[in-house]
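Here is how the chains run, residue by residue.
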Amino acid sequence: MSDKPDKLITDDGLRLDGRRADEIRPMKIEIGVLSRADGSCYLEWGRNKILVGVFGPREAHPRRLQRADTAVIRYRYNMASFSVEDRARPGPSRRSIEISKVSREAFEPVIMAELFPKTAIDIFVEILQADAGTRTAAINASSIALADAGIPMKGLVTSCAFGKVDGQIVLDLNKEEDNYGEADFPVAMTQDGEITLLQMDGHLTPEEIKKGLELIKKGCKEILEIQQTVLRKKFETPVEEPEAKAEETEIEAEETEPSLEYAPEAAVVEEVIEEAEELEEELSEETTEAGAVTETVPEAEELEEIVKEAEAEVVDGEAIEEAIEAEAEEEAEEETEEEAEEEAEEEAEEEAEEEAEEEAEEEAEEEAEEEAEEEAEEEAEEEAEEEAKGPWKVVKDPSESGSRGENDE
Ligand code: ADP
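As the structure is a computational prediction, the values presented were derived from the model and not from experiment.

Caption draft 1: Quick peek at the pattern of salt bridges. Under the definition given, this model contains 24 salt bridges. Residue Asp 11 is joined to Lys 7 by a salt bridge in which the shortest nitrogen-to-oxygen separation is 2.8 Å. Lys 7 gets classed as partly exposed once you look at its relative accessible area, which sits at 45%. When the shortest N-O distance is used, the salt bridge between Arg 25 and Asp 131 registers 3.7 Å. With a gap of 106 residues between them, Arg 25 in the segment before strand S1 (27-31) and Asp 131 in the loop between strand S5 (119-129) and helix H2 (134-148) connect regions that are remote in the sequence.

Caption draft 2: Fine view of the pairing of strand S6 (residues 157-165). With respect to burial, S6 is a largely interior element, 9 of its 9 residues being buried. The alternating pattern of S6 places Val 157, Ser 159, Ala 161, Gly 163 and Val 165 on one face and Thr 158, Cys 160, Phe 162 and Lys 164 on the opposite face, and all of these are buried. Pairing analysis gives 8 bridges linking S6 to strand S8 (residues 183-190), with the strands arranged antiparallel. Across the sheet, residue Phe 162 finds its bridge partner in S8, namely Phe 185. Sheet topology note: the S6/strand S7 (residues 168-171) ladder contains 4 bridges and is antiparallel. Paired with Phe 162 across the strands is Leu 171, a residue of S7. The turn joining S6 and S7, which pair antiparallel and follow one another in sequence, is formed by 2 residues; a positive phi near 50° is taken by Asp 166.

Caption draft 3: Layout of the site of the ligand. All residues in the neighbourhood of the ligand are listed as Met 79, Val 84, Arg 95, Ala 130, Asp 131, Ala 132, Gly 133, Thr 134, Arg 135, Lys 175, Asp 178 and Asp 184. In this structure, Arg 95 approaches the ligand through a side-chain N or O atom, which is 2.7 Å from an oxygen atom. The separation between an oxygen atom of the ligand and a polar side-chain atom of Arg 135 is 2.8 Å. Look at the ligand: alone it shows 540 Å² of surface, and the protein chains cover 75% of it. Every element with two or more residues in the shell around the ligand is listed here: H2 and helix H3 (175-180). Among the residues making up the shell around the ligand, the classes are represented as 4 nonpolar, 2 polar and 6 charged.

Caption draft 4: Highlighting the packing of helix H1 (residues 94-107) against H2. Where H1 meets H2, the axes come as close as 11 Å, and the angle between the chain directions of the two elements is 45°. Here H2 runs oblique to H1, going by the angle between their axes. For H1 against H2, the interelement crossing comes out right-handed. Each of Arg 95, Glu 98, Ile 99, Ser 103, Ala 106 and Phe 107 in H1 lies in contact with H2, whose residues at this interface are Thr 134, Arg 135, Ile 139, Ser 142, Ser 143 and Leu 146. Of the residues in the contact of H1 with H2, the class split is 5 nonpolar, 4 polar and 3 charged.

Caption draft 5: Representation of the pairing of strand S2 (residues 39-45). Most of S2 is tucked away: 7 of the 7 residues are buried. Burial of the side chains of S2 extends over both faces: Gly 39, Cys 41, Leu 43 and Trp 45 are buried on one face and Ser 40, Tyr 42 and Glu 44 on the other. Pairing of S1 with S2, which is carried by 5 bridges, proceeds in the antiparallel orientation. Looking at S2, one finds that Ile 31 is bridged to Cys 41. As defined by bridge partners, S2 adjoins strand S3 (residues 48-59) across 7 bridges and the pair is classed as antiparallel. In the sheet register, Tyr 42 faces S3, and the bridge partner there is Leu 51.

Caption draft 6: Focus on the packing of aromatic side chains. Summed over all chains, the structure comprises 3 aromatic pairs. With 5.8 Å between their ring centres and 75° between their planes, Phe 55 and Phe 124 make a pair best called edge-to-face. Here the residue Phe 55 occupies a position in strand S3, and Phe 124 occupies one in strand S5, the gap between them amounting to 69 residues. Where Tyr 75 meets Phe 107, the ring centres are 6.2 Å apart and the plane angle is 20°; that geometry is what we call stacked. Of the two residues, Tyr 75 sits in strand S4 (residues 72-79) while Phe 107 sits in helix H1, which places them 32 residues apart along the sequence. Per residue, the accessibility class of Tyr 75 equals that of Phe 107, and both read buried. Above the plane of the ring of Trp 45 lies Arg 25, whose end atom (NZ or CZ) is 5.6 Å from the centre.

Conventions used here
- Residues numbered from 1 in each chain as written.
- Predicted model: local features only at pLDDT ≥ 70, side-chain atom pairs only at ≥ 80, totals over all residues.
- Heavy atoms only, no water.
- Salt bridge = Lys/Arg side-chain N within 4 Å of Asp/Glu carboxyl O.
- Buried < 20%, exposed > 50% of the residue type's maximum accessible area, 1.4 Å probe, protein only.
- Helix = DSSP H or I, 4+ residues; strand = E, 2+ residues; numbered from the N terminus.
- Pairing = 2+ DSSP bridges.
- Near = heavy atom within 4 Å.
- Polar contact = N/O pair within 3.5 Å; in protein donor to acceptor, adjacent residues only side chain to side chain.
- Areas by Shrake-Rupley, 256 points an atom, 1.4 Å probe, with all protein chains shown as cover.
- Nonpolar A, V, L, I, M, F, W, Y, C, P; charged D, E, K, R; others polar.
- Axes fitted to C-alpha atoms, helices over the stretch in contact; angles between N-to-C directions.
- Parallel < 35°, antiparallel > 145°, perpendicular 65-115°, else oblique.
- Left-handed = near helix turned anticlockwise from the far one by under 90°.
- Contact = heavy atoms within 4.5 Å.
- Phe/Tyr/Trp six-rings, centres within 6.5 Å; stacked < 30°, edge-to-face > 60°.
- Lys NZ or Arg CZ within 6 Å of the ring centre and 35° of its normal.

Keep in mind that these numbers describe shape and distance, not what the molecule does.
Structure representation (structure tokens):
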């Protein structure tokens, strides 16, 4: 471990890494980095490097952990043994168990777990490189990974710490500041400003806490903007302007028109049409030439004949109309006759059906009566026989009932 520097904040008010008191370390976020996780995030914050994988909602195992009314949220914070200067002891420690618990509680108010009863939502945090503020960094990364997994949340959770270094309140402590500072105060909050995690290590006055919380608000706002930018980049679909869209469809339409190179049939059809057009042109030229030769006016006699023919046609037309009317009348008469016949047939059929039904009913009634009489006679005979035998009853042989005999054995 490096020795304590003389000053953690210079006379200019700058910190060892060049930041001012109210500045956070540079943050870099990558989303969806793990293909097997439902949601994942890789986050670098200063020299911190953190990987988060979110799994679920999925069936909770072991089953005794399942809750009928809600999903179980599990948060596991783990430090890789190589994440710190001195090798970190692998496996859970008091510190990692505590961080896992408070971080889970930081998310419980925002995750809509009630939508997924009997399931588990697992958040796995791996600290690959630690440089102070790993729990806050992990919460910021988990928030993104949860969103990436599509877990319904009331909002994102952002987290940041303030501390006291050389008697000054500063935002987002780095490793030296954390090691040699007087206090460390991590906070997590929803995007509505509700605090979901608050811890304090060291000594602070109420005024210092007040001042520190103001810095936290600023820091969390900046982090939220970074988170939202990353999520927008992944999930927002660009809005296209309608004009641009119309142009695109036109281009598409042009592209989809079959080109002649690839449509030999179309080429043949076009050739045929061209030939037909040429022929038409030739013909029209010929007719105009012929018209030019017989340019004489038709004679009056010819005209009269044409008129007579036309009149005759008109007469014929009248005769045809009369014939059609007569035919129509005949047809109508025939139709009415046919209809009357059909109606008579239908009536006869209905009557026959009704009669048949009545007969069937009568027969059924008679049969029922006969059966009833027979039954009554039989019963009377049986009673007479029993009376003749005596007042005792016939008891069923117990050996006949299988189960009782088997049980007795
Ligand atoms: P946070 O990382 O959330 O600030 P701490 O305040 O407990 O949590 O830890 C501060 C820093 O101390 C860590 O970021 C890490 O760099 C270092 N640290 C924590 N645990 C160990 C450990 N077992 N060995 C070495 N360094 C550690």
